[in-house]
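# Remarks on the overall topology
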Amino acid sequence: MNVEKLLADVKAKNPDQPLFYQAVEEVLETIKDYVAEHPIYDEHKIVERMLEPDRIYQFRVEWIDDKGEIQINRGYRVQFNNAIGPYKGGLRFHPTVTLDTLKFLGFEQTFKNSLTTLPMGGGKGGSDFDPKGKSDREIMRFCQAFMTELFKYIGPDRDVPAGDIGVGGREIGYLYGMYKKLASENTGVLTGKGAQFGGSILRPEATGFGAIYFVENMLKAKGDTIKGKTVAISGFGNVAWGAVTKATELGAKVICISGPDGYVIDETGFNQEKIDYMLELRASNNNVVAPFAQKFPTAKFVAGKKPWEVKVDIALPCAIQNELGESDAETLVKNGVQLVCEVSNMGCKAEAIAVLQKAKVSFAPGKAANAGGVGVSGLEMSQNAEHLPWTAAEVDQRLHAMMDSIHANCVKYGQENGYINYVKGANVAGFIKVADAMLQLGVC
Ligand code: 2IT
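The structure contained in this document is the topic of the report that follows.

## Some words on the environment of E4
Mapping E4 onto the fold places it in helix α1 (residues 3-13). Assessed through its relative accessible area of 69%, E4 is described here as exposed. Each C-alpha atom, one on E4 and one on E29, is 9.6 Å from the other, the two residues being 25 residues apart in sequence.

Right under this line is the structure:
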């Protein structure tokens with residue numbers, strides 16, 4: 001595999017897709033040795049084939065706002081790779097969403113889903129729709145309009161979307177309501193549904209819980225535990241909420257969360273009231289974290305800044321891609337950070353990862369650490385297929401086992417003289433399963 005040539009080809013073919021390029025570059029640089037040792041992959045052009053999505057749907061979404069005006073958005077579904085199972089991956093509603101965003105996410109999802117141990121291919125979709133400031137009815141009408149097109153391309157054994165940024169339980173409910181009406185069937189074609197209509201218990205918590213189980217594994221590998229550690233988390237949405245909840249339960253002290261407007265710092269840590277208030281903030285559609293500091297006197301709001309300037313033991317980016325850059329990583333290292341774990345997808349810039357790895361800080365990529373979300377989505381698919389709900393204990397036990405398995409795989413393929421290169425471990429382990437499936441499935 002000639003990495004330079006492959007990257008030049010990716011750039012030439014996708015000149016306006018820097019995020020996709022970034023995701024591809026990271027994977028190619030870390031799997032190249034493994035691929036060189038196994039020439040069969042090159043003989044079958046496996047890597048080249050994995051860089052091209054199976055197909056991409058793009059469509060117009062038109063809907064009517066509360067003033068009676070017609071609004072037009074762009075919708076997408078990228079079906080990236082279904083070698084190991086039906087396409088699976090979330091829908092993102094955010095004004096920054098472009099085809100580039102969804103190609104990078106779909107590519108990452110293919111490796112992540114492979115790591116979960118479940119048979120799920122990679123896909124991603126969404127829209128440039130901005131939920132900020134929208135009424136509940138507007139969100140419902142948008143979701144319905146989006147689904148009138150998307151429903152043609154999905155199915156319980158074909159492509160199973162879920163949530164991502166801007167798409168939580170409320171949006172999944174509206175999307176599923178319209179799917180059910182259009183398809184005249186009640187197959188669980190979306191995951192993250194309400195528990196009353198086929199949703200898995202613990203799916204809302206799963207991404208954050210899974211990430212903390214992964215962090216526990218990372219610390220255990222160094223003979224340490226999470227108890228008593230100080231933690232900075234970015235974001236305040238579903239993923240951040242799950243991470244704060246589990247970290248707090250296990251005795252860590254989370255002192256920061258953040259929003260696009262800045263971060264809040266609360267040296268007293270979180271309690272149930274503060275955790276619950278995060279859900280209220282998310283449901284308000286305002287996308288700001290400042291009200292947290294108005295509600296809780298122990299918290300202070302720092303406008304326009306990221307939480308990475310705060311001295312902590314553990315940093316968990318839980319918001320959006322490239323939210324932690326090179327100088328942020330340098331500050332964290334200077335302040336003695338011990339562990340950085342991406343919970344957002346591609347939360348760190350490549351330069352930031354390089355700084356952390358050079359300083360031998362334990363660093364894990366999102367596609368390993370946040371796989372518990374899609375992992376429990378996979379468990380929701382199983383429950384829907386057998387028409388039976390599982391208990392919280394059963395889901396949690398399986399989630400835990402998945403995260404342990406992903407960690408073990410990262411260690412297996414990422415050992416570098418005592419330092420675990422989780423980026424390499426995750427990419428190689430994720431690659432092997434998809435690549436070996438493609439070899440057996442033939443050129444088709
Ligand atoms: O990035 C992700 O893994 C998700 N947004 C969850 C996808 C899913 O299908 O549950």
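## Topic: the packing of α1 against helix α2 (residues 18-37)
Where α1 contacts α2, the axes come no closer than 10 Å and their chain directions differ by 165 degrees. Looking at the two axes, α1 sits roughly antiparallel to α2. The two elements α1 and α2 meet at a crossing, and its hand is right-handed. For the pair α1 and α2, the contacting residues are V3, L6, L7, V10 and K11 in the first and F20, Y21, V24, E25, L28, E29 and K32 in the second.

## As for the nonpolar core
Counting residues in each nonpolar core, the largest one holds 62 residues, and the members touching the most others are F214, I233, I257, F292 and L316. Sort the elements by how many residues they give to this core and helix α8 (residues 203-220) lands first, with nine residues. Every residue in contact with I257, bar those within four places of it in the chain, is listed here: I233, G235, F236, V244, Y263, V264, F270, M278, V289 and F292. Within the second largest apolar cluster, 38 residues are counted, among which are Y21, V24, I31 and A437.

## Structural notes on the pairing of strand β1 (residues 55-64)
Bridging between β1 and strand β2 (residues 70-81) involves ten bridges; their strand directions are antiparallel. Bridge pairing in β2 places I56 opposite V78. Hairpin geometry of β1 and β2 is characterised by an intervening segment of five residues between the two adjacent antiparallel strands and by a positive phi of about 90 degrees at G68.

## Details of the sheet that holds strand β8 (residues 262-265)
Strand order in the open sheet made by the seven strands is β9-β8-β7-β6-β10-β11-β12, with mixed pairing throughout. Two strands close off the open sheet at either side, each with one partner strand: β9 (300-303) and β12 (362-364). Across the sheet, the mean angle separating the axes of adjacent strands is 15 degrees when strand polarity is ignored. Relative to β9, β8 runs antiparallel, the two being bridged by four bridges. If you follow G262 over to β9, its bridge partner there is A303. Of the strands in this sheet, β10 (314-316), β11 (339-341) and β12 are in contact with α8, which crosses β11 at around 150 degrees.

What counts and how
Residues numbered from 1 in each chain as written. Predicted model: local features only at pLDDT ≥ 70, side-chain atom pairs only at ≥ 80, totals over all residues. Heavy atoms only, no water. Helix = DSSP H or I, 4+ residues; strand = E, 2+ residues; numbered from the N terminus. Buried < 20%, exposed > 50% of the residue type's maximum accessible area, 1.4 Å probe, protein only. Axes fitted to C-alpha atoms, helices over the stretch in contact; angles between N-to-C directions. Parallel < 35°, antiparallel > 145°, perpendicular 65-115°, else oblique. Left-handed = near helix turned anticlockwise from the far one by under 90°. Contact = heavy atoms within 4.5 Å. Core = buried A, V, L, I, M, F, W, Y, C linked by side-chain atoms within 4.5 Å. Pairing = 2+ DSSP bridges.

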